[in-house]
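The residues making up each chain are set out below.
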Amino acid sequence: MQKTALVPYAHLPRSHHAHHVLTSTVDVFGTAHWLLTERAPQRGGDVLPFDATVVSVDPGGSVELSELSAVRARWPHLDRMPDGGFVVVASRARRYEDADQVQVFDALGRETLCFSVGDAIEHLLVDEAGHIWVGHFDENPVGIRRWSPTGQLTWTSDDAHIPGLFDCYALNVSGTVAWACPYTDFPLVEIRPDRPDRPVRVWANRVRGAKAMAVHGEQVAFYGGYREDQDRLAYGEILEASVEQTHAVLLIQSDGSAPGRRRAVGRGSRIYVQAEPFTTWCVFDLSS
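Values in this document were obtained by computation on a predicted structure and should not be read as measured data.

With that settled, the discussion passes to the overall build of the chain. Along the backbone of the chain there are zero helices and 25 strands. For the chain, the C-alpha atoms occupy an extent of roughly 50 × 45 × 35 Å along the three principal directions. In the chain, which comprises 288 residues, the proportion classed as buried is 54%. Across the chain, the fraction of contacts at a sequence separation of at least 24, relative to all contacts at a separation of at least 6, is 44%. Carbon and sulfur atoms make up 48% of the accessible area of the chain, which amounts to about 13,000 Å² in all.

Our focus in this paragraph is the layout of surface pockets. Space inside the largest pocket adds up to approximately 1,200 Å³. Along the wall of the largest pocket there are 40 residues; nearest its centre are Thr23, His77, Glu122, Arg262 and Arg263. Looking at the lining of the largest pocket, the elements that each hand over two or more residues are strand 3 (20-26), strand 7 (76-80), strand 11 (121-126), strand 15 (167-174) and strand 23 (262-267).

Turning our eyes to something else, we now look at the pattern of salt bridges. This model, assessed by the stated rule, comprises 14 salt bridges. Of the charged contacts, one joins Arg92 and Glu139 as a salt bridge, the two residues approaching to 2.8 Å between their closest N and O atoms. Within this pair, whereas Arg92 is found in the loop between strand 8 (86-90) and strand 9 (102-105), its partner Glu139 is found in the loop between strand 12 (132-136) and strand 13 (144-147), the two being separated by 47 residues in sequence. Several salt bridges converge on common partners, so that one network encompasses Arg72, Asp100 and Glu111.

Before going further, it helps to spend a moment on the sheet that holds strand 21 (residues 232-238). Taken together, the five strands give an open sheet; going across it, the order is 1-22-21-20-19, and neighbouring strands pair in mixed fashion. The strands lining the two open edges of the sheet, one partner per strand, are strand 1 (3-5) and strand 19 (212-216). In this sheet, adjacent strand axes meet at a mean angle of 30 degrees when their direction is disregarded. For strand 21 and strand 22 (residues 243-252), the ladder comprises seven bridges, and the chain directions are antiparallel. From the neighbouring strand, Tyr235 faces strand 22, where its bridge partner is His247.

Before going further, it helps to examine the sheet that holds strand 12. Sheet architecture is open: four strands sit in the order 11-12-13-14, paired in antiparallel fashion. With one partner strand each, in any of the chains shown, strand 11 and strand 14 (153-156) form the two edges of the open sheet. The mean inter-strand angle of the sheet, taken between neighbouring strand axes irrespective of direction, is 20 degrees. Summarising the sheet, strand 11 and strand 12 pair through five bridges and their orientation is antiparallel. Bridge pairing links Val126 to Ile132 in strand 12.

With that settled, the discussion passes to the environment of Ala5. With respect to the helices, strands and loops of the structure, Ala5 is situated in strand 1. Using a relative accessible area of 42% as the deciding quantity, one classes Ala5 as partly exposed. For the pair Ala5 and Ser257, spaced 252 residues apart in sequence, the C-alpha to C-alpha distance is 9.2 Å. In this view, Ala5 contacts Ile252, Gln253 and Ser254; residues no more than four positions away in its chain are not counted.

We now examine the state of the cysteines. Under the definition given, this model contains zero disulfides. The thiol of Cys168 is not disulfide-bonded; the next cysteine sulfur, from Cys181, is found 8.9 Å away. Classification of Cys168 as buried rests on a relative accessible area of 0%.

With that settled, the discussion passes to unusual backbone geometry. With an omega dihedral of 25 degrees, the bond running from Tyr183 to Thr184 counts as a cis peptide bond. Within the element layout of this structure, Thr184 appears in the loop between strand 16 (177-183) and strand 17 (188-191). Cis geometry is adopted by the peptide bond preceding Pro277, which originates at Glu276 and carries an omega value of 15 degrees. Here Pro277 is to be found in the loop between strand 24 (270-275) and strand 25 (280-285). Its identity as a non-glycine residue notwithstanding, Phe186 has a phi of 55 degrees, on the positive side. For Phe186, the position within the fold is in the loop between strand 16 and strand 17.

Time to look at the side chain of Ser56. As for its position among the elements, Ser56 is in strand 5 (residues 50-57). Residues contacting Ser56, with those up to four places away along its chain left out, are Thr31, Ala32, His33, Ser62, Val63, Glu64, Arg80 and Phe86.

Criteria and thresholds
- Residues numbered from 1 in each chain as written.
- Predicted model: local features only at pLDDT ≥ 70, side-chain atom pairs only at ≥ 80, totals over all residues.
- Heavy atoms only, no water.
- Helix = DSSP H or I, 4+ residues; strand = E, 2+ residues; numbered from the N terminus.
- Buried < 20%, exposed > 50% of the residue type's maximum accessible area, 1.4 Å probe, protein only.
- Contact = heavy atoms within 4.5 Å.
- Areas by Shrake-Rupley, 256 points an atom, 1.4 Å probe, with all protein chains shown as cover.
- 1 Å grid on protein atoms, 1.4 Å probe; cavity = no way out; pocket = protein on both sides within 12 Å on 5 of 7 lines; lining within 4 Å.
- Points joined across faces, edges and corners; volume = space filled by probe spheres on them.
- Salt bridge = Lys/Arg side-chain N within 4 Å of Asp/Glu carboxyl O.
- Pairing = 2+ DSSP bridges.
- Axes fitted to C-alpha atoms, helices over the stretch in contact; angles between N-to-C directions.
- Disulfide = S-S within 2.5 Å.

So, in C-alpha coordinates, the structure goes:
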(Lines give C-alpha, C1' and ligand atoms only; values in the text may rest on other atoms or scores of the structure.)
Protein backbone atom coordinates (compact mmCIF):
# COMPACT_ATOMS: atom_id res chain seq x y z
CA MET A 1 0.00 0.00 0.00
CA GLN A 2 1.25 3.48 -0.84
CA LYS A 3 2.13 5.88 1.97
CA THR A 4 1.28 9.52 2.62
CA ALA A 5 3.29 11.51 5.17
CA LEU A 6 1.78 13.91 7.66
CA VAL A 7 3.14 17.46 7.64
CA PRO A 8 4.41 18.98 10.94
CA TYR A 9 2.00 21.70 12.03
CA ALA A 10 2.42 22.98 15.62
CA HIS A 11 4.83 22.24 18.47
CA LEU A 12 4.49 22.66 22.23
CA PRO A 13 7.39 24.96 23.21
CA ARG A 14 10.20 22.96 24.78
CA SER A 15 10.02 25.08 27.94
CA HIS A 16 6.70 23.36 28.74
CA HIS A 17 7.76 19.76 28.08
CA ALA A 18 8.25 19.04 31.79
CA HIS A 19 4.52 19.52 32.41
CA HIS A 20 1.86 16.85 31.98
CA VAL A 21 -0.37 17.15 28.91
CA LEU A 22 -3.92 16.54 30.13
CA THR A 23 -5.34 16.94 26.64
CA SER A 24 -4.75 18.85 23.42
CA THR A 25 -6.73 19.95 20.37
CA VAL A 26 -6.78 22.18 17.30
CA ASP A 27 -9.62 24.69 17.19
CA VAL A 28 -11.87 25.71 14.31
CA PHE A 29 -9.52 28.57 13.38
CA GLY A 30 -6.44 26.33 13.22
CA THR A 31 -4.81 27.23 16.55
CA ALA A 32 -3.36 24.32 18.56
CA HIS A 33 -3.93 24.18 22.32
CA TRP A 34 -2.38 22.09 25.11
CA LEU A 35 -3.95 21.83 28.59
CA LEU A 36 -1.07 21.36 31.04
CA THR A 37 -0.74 20.54 34.73
CA GLU A 38 2.22 20.03 37.04
CA ARG A 39 1.62 16.29 37.34
CA ALA A 40 -0.57 13.53 35.93
CA PRO A 41 -3.92 12.86 37.68
CA GLN A 42 -4.11 9.80 39.91
CA ARG A 43 -6.67 7.09 39.28
CA GLY A 44 -9.48 6.76 41.81
CA GLY A 45 -10.73 9.20 44.39
CA ASP A 46 -12.24 12.62 43.98
CA VAL A 47 -10.61 15.30 41.87
CA LEU A 48 -9.86 18.48 43.78
CA PRO A 49 -10.08 21.70 41.73
CA PHE A 50 -6.68 22.51 40.29
CA ASP A 51 -5.12 25.29 38.29
CA ALA A 52 -4.02 24.57 34.73
CA THR A 53 -2.23 26.33 31.90
CA VAL A 54 -3.33 26.40 28.28
CA VAL A 55 -0.50 26.87 25.80
CA SER A 56 -1.82 28.03 22.43
CA VAL A 57 0.19 28.10 19.20
CA ASP A 58 -1.48 29.83 16.25
CA PRO A 59 -0.86 28.96 12.58
CA GLY A 60 1.84 31.62 12.39
CA GLY A 61 3.74 30.12 15.34
CA SER A 62 2.88 32.78 17.94
CA VAL A 63 2.53 31.41 21.48
CA GLU A 64 -0.08 32.51 24.04
CA LEU A 65 -0.47 31.34 27.65
CA SER A 66 -3.80 31.24 29.50
CA GLU A 67 -4.18 30.34 33.18
CA LEU A 68 -7.39 28.53 34.15
CA SER A 69 -8.47 28.52 37.79
CA ALA A 70 -10.20 25.65 39.62
CA VAL A 71 -10.46 23.09 36.81
CA ARG A 72 -12.41 20.01 37.93
CA ALA A 73 -12.16 17.48 35.06
CA ARG A 74 -9.91 14.46 35.59
CA TRP A 75 -9.94 13.25 31.94
CA PRO A 76 -10.94 16.41 30.05
CA HIS A 77 -11.78 17.60 26.58
CA LEU A 78 -10.70 21.13 25.66
CA ASP A 79 -11.57 23.69 23.02
CA ARG A 80 -11.43 27.44 22.57
CA MET A 81 -14.47 29.69 22.41
CA PRO A 82 -14.60 32.44 19.74
CA ASP A 83 -14.36 35.16 22.45
CA GLY A 84 -10.94 33.88 23.54
CA GLY A 85 -12.17 31.83 26.49
CA PHE A 86 -12.07 28.05 26.82
CA VAL A 87 -14.43 25.17 27.49
CA VAL A 88 -13.18 22.22 29.56
CA VAL A 89 -15.42 19.17 29.79
CA ALA A 90 -15.11 15.95 31.78
CA SER A 91 -15.46 12.97 29.43
CA ARG A 92 -17.21 10.97 32.16
CA ALA A 93 -19.90 12.34 34.45
CA ARG A 94 -19.84 10.95 37.99
CA ARG A 95 -23.61 11.01 37.83
CA TYR A 96 -25.62 10.94 34.61
CA GLU A 97 -26.41 14.65 34.96
CA ASP A 98 -23.43 16.17 36.70
CA ALA A 99 -24.05 19.93 36.83
CA ASP A 100 -20.30 20.61 37.04
CA GLN A 101 -19.30 18.56 33.99
CA VAL A 102 -18.81 21.50 31.58
CA GLN A 103 -16.81 24.54 32.63
CA VAL A 104 -16.73 27.65 30.43
CA PHE A 105 -13.87 30.06 31.19
CA ASP A 106 -13.53 33.64 30.01
CA ALA A 107 -10.39 35.07 28.40
CA LEU A 108 -9.00 35.81 31.88
CA GLY A 109 -9.29 32.16 32.95
CA ARG A 110 -12.29 32.63 35.26
CA GLU A 111 -15.18 30.18 35.24
CA THR A 112 -18.34 31.92 34.00
CA LEU A 113 -20.70 28.99 33.47
CA CYS A 114 -21.11 25.31 34.27
CA PHE A 115 -23.65 22.78 33.00
CA SER A 116 -23.97 19.15 31.88
CA VAL A 117 -24.00 17.54 28.44
CA GLY A 118 -24.20 13.89 29.56
CA ASP A 119 -21.80 11.02 30.17
CA ALA A 120 -19.43 9.22 27.79
CA ILE A 121 -18.04 11.96 25.55
CA GLU A 122 -16.03 10.78 22.54
CA HIS A 123 -15.68 14.14 20.78
CA LEU A 124 -16.13 17.77 21.79
CA LEU A 125 -15.62 20.48 19.16
CA VAL A 126 -16.57 24.16 19.16
CA ASP A 127 -17.62 25.81 15.89
CA GLU A 128 -17.08 29.37 14.65
CA ALA A 129 -20.31 30.59 16.28
CA GLY A 130 -19.40 29.13 19.68
CA HIS A 131 -21.78 26.16 19.46
CA ILE A 132 -20.46 23.15 21.36
CA TRP A 133 -20.79 19.88 19.41
CA VAL A 134 -20.68 16.67 21.45
CA GLY A 135 -20.45 13.12 20.12
CA HIS A 136 -20.97 10.31 22.64
CA PHE A 137 -19.65 6.77 22.74
CA ASP A 138 -21.76 3.69 23.35
CA GLU A 139 -22.01 3.91 27.16
CA ASN A 140 -24.43 6.80 26.60
CA PRO A 141 -25.97 6.20 23.16
CA VAL A 142 -27.62 9.62 22.74
CA GLY A 143 -25.66 10.18 19.55
CA ILE A 144 -24.68 13.71 18.54
CA ARG A 145 -25.91 16.95 20.08
CA ARG A 146 -25.19 20.67 19.77
CA TRP A 147 -25.24 23.09 22.70
CA SER A 148 -25.24 26.88 22.73
CA PRO A 149 -22.37 28.83 24.36
CA THR A 150 -24.76 29.40 27.30
CA GLY A 151 -25.53 25.71 27.83
CA GLN A 152 -28.82 25.33 25.96
CA LEU A 153 -29.45 22.21 23.89
CA THR A 154 -30.02 23.51 20.34
CA TRP A 155 -29.91 20.35 18.20
CA THR A 156 -30.10 16.61 18.77
CA SER A 157 -29.79 13.60 16.49
CA ASP A 158 -32.80 11.90 18.12
CA ASP A 159 -35.15 12.51 15.17
CA ALA A 160 -32.52 12.85 12.45
CA HIS A 161 -32.96 9.29 11.10
CA ILE A 162 -29.24 8.57 11.01
CA PRO A 163 -28.93 4.80 10.41
CA GLY A 164 -27.12 2.79 13.07
CA LEU A 165 -26.17 5.77 15.23
CA PHE A 166 -24.94 4.15 18.44
CA ASP A 167 -21.39 5.47 18.91
CA CYS A 168 -19.96 8.64 17.33
CA TYR A 169 -16.68 7.23 16.02
CA ALA A 170 -15.71 10.30 13.95
CA LEU A 171 -16.81 13.95 14.14
CA ASN A 172 -15.60 16.88 12.04
CA VAL A 173 -16.68 20.47 12.77
CA SER A 174 -15.73 23.35 10.46
CA GLY A 175 -17.45 26.72 10.20
CA THR A 176 -20.85 25.91 11.67
CA VAL A 177 -21.23 22.54 9.89
CA ALA A 178 -20.61 19.10 11.36
CA TRP A 179 -19.78 15.85 9.59
CA ALA A 180 -19.97 12.48 11.33
CA CYS A 181 -19.27 8.82 10.64
CA PRO A 182 -20.97 6.84 13.44
CA TYR A 183 -21.00 3.18 14.45
CA THR A 184 -22.73 0.81 13.62
CA ASP A 185 -23.53 1.50 9.95
CA PHE A 186 -20.76 4.10 9.41
CA PRO A 187 -22.71 6.41 7.07
CA LEU A 188 -21.27 9.76 6.08
CA VAL A 189 -23.50 12.38 7.72
CA GLU A 190 -23.64 16.13 7.05
CA ILE A 191 -25.35 18.18 9.78
CA ARG A 192 -26.46 21.78 9.21
CA PRO A 193 -29.02 22.55 11.96
CA ASP A 194 -29.62 26.05 10.60
CA ARG A 195 -30.65 24.77 7.15
CA PRO A 196 -34.42 24.48 7.60
CA ASP A 197 -35.24 22.44 4.49
CA ARG A 198 -32.72 19.63 5.01
CA PRO A 199 -30.63 19.87 8.19
CA VAL A 200 -29.22 16.33 7.82
CA ARG A 201 -27.95 14.49 4.75
CA VAL A 202 -26.81 10.86 4.84
CA TRP A 203 -24.70 8.83 2.41
CA ALA A 204 -24.16 5.06 2.64
CA ASN A 205 -20.50 4.17 3.21
CA ARG A 206 -18.53 0.92 3.19
CA VAL A 207 -15.42 2.15 5.06
CA ARG A 208 -15.56 0.76 8.60
CA GLY A 209 -14.04 1.94 11.88
CA ALA A 210 -12.67 5.39 10.94
CA LYS A 211 -11.85 7.63 13.92
CA ALA A 212 -11.47 10.90 11.97
CA MET A 213 -12.30 12.23 8.53
CA ALA A 214 -11.74 15.16 6.20
CA VAL A 215 -14.22 16.57 3.67
CA HIS A 216 -13.50 18.83 0.70
CA GLY A 217 -16.14 19.44 -1.95
CA GLU A 218 -17.23 16.04 -3.21
CA GLN A 219 -14.19 14.29 -1.74
CA VAL A 220 -13.85 12.61 1.65
CA ALA A 221 -11.01 10.82 3.45
CA PHE A 222 -11.55 8.46 6.37
CA TYR A 223 -8.66 7.92 8.81
CA GLY A 224 -8.24 4.82 10.93
CA GLY A 225 -10.01 1.50 11.22
CA TYR A 226 -9.95 -1.83 12.97
CA ARG A 227 -6.74 -3.77 13.72
CA GLU A 228 -4.36 -3.56 10.73
CA ASP A 229 -6.31 -0.60 9.32
CA GLN A 230 -5.58 1.77 12.21
CA ASP A 231 -3.20 3.83 10.01
CA ARG A 232 -5.35 3.59 6.86
CA LEU A 233 -6.46 6.70 4.99
CA ALA A 234 -9.34 5.73 2.70
CA TYR A 235 -10.30 8.21 -0.02
CA GLY A 236 -13.84 8.39 -1.36
CA GLU A 237 -16.08 10.33 -3.74
CA ILE A 238 -19.42 11.61 -2.46
CA LEU A 239 -22.13 10.58 -4.93
CA GLU A 240 -25.90 11.15 -4.83
CA ALA A 241 -26.68 8.53 -2.18
CA SER A 242 -23.40 6.86 -1.27
CA VAL A 243 -19.64 7.25 -0.88
CA GLU A 244 -17.59 5.35 -3.46
CA GLN A 245 -14.17 4.42 -2.11
CA THR A 246 -11.50 5.18 -4.70
CA HIS A 247 -8.23 4.12 -3.05
CA ALA A 248 -6.42 3.87 0.28
CA VAL A 249 -2.96 4.69 1.59
CA LEU A 250 -1.10 4.42 4.89
CA LEU A 251 -0.84 7.72 6.77
CA ILE A 252 2.59 7.93 8.38
CA GLN A 253 4.56 10.50 10.33
CA SER A 254 6.95 12.87 8.58
CA ASP A 255 9.90 10.68 9.62
CA GLY A 256 8.31 7.60 8.04
CA SER A 257 7.19 5.90 11.26
CA ALA A 258 3.67 4.85 12.22
CA PRO A 259 1.92 7.31 14.57
CA GLY A 260 1.26 4.68 17.25
CA ARG A 261 -0.90 5.96 20.11
CA ARG A 262 -2.45 9.18 18.86
CA ARG A 263 -5.18 11.82 18.93
CA ALA A 264 -6.94 12.96 15.77
CA VAL A 265 -9.12 16.01 15.14
CA GLY A 266 -11.13 16.59 11.96
CA ARG A 267 -11.64 20.19 10.82
CA GLY A 268 -13.07 20.61 7.31
CA SER A 269 -10.53 19.39 4.76
CA ARG A 270 -7.93 18.72 7.45
CA ILE A 271 -7.15 15.88 9.83
CA TYR A 272 -4.78 16.88 12.61
CA VAL A 273 -2.86 14.00 14.22
CA GLN A 274 -0.92 14.13 17.49
CA ALA A 275 1.20 11.10 18.42
CA GLU A 276 2.57 10.27 21.86
CA PRO A 277 4.17 12.09 23.75
CA PHE A 278 1.57 14.57 22.48
CA THR A 279 3.86 17.57 22.05
CA THR A 280 3.51 17.95 18.26
CA TRP A 281 0.52 18.26 15.93
CA CYS A 282 0.85 17.16 12.32
CA VAL A 283 -1.69 17.63 9.54
CA PHE A 284 -3.12 15.97 6.44
CA ASP A 285 -5.04 18.30 4.13
CA LEU A 286 -7.42 16.77 1.59
CA SER A 287 -7.54 20.05 -0.35
CA SER A 288 -3.79 20.20 -1.03
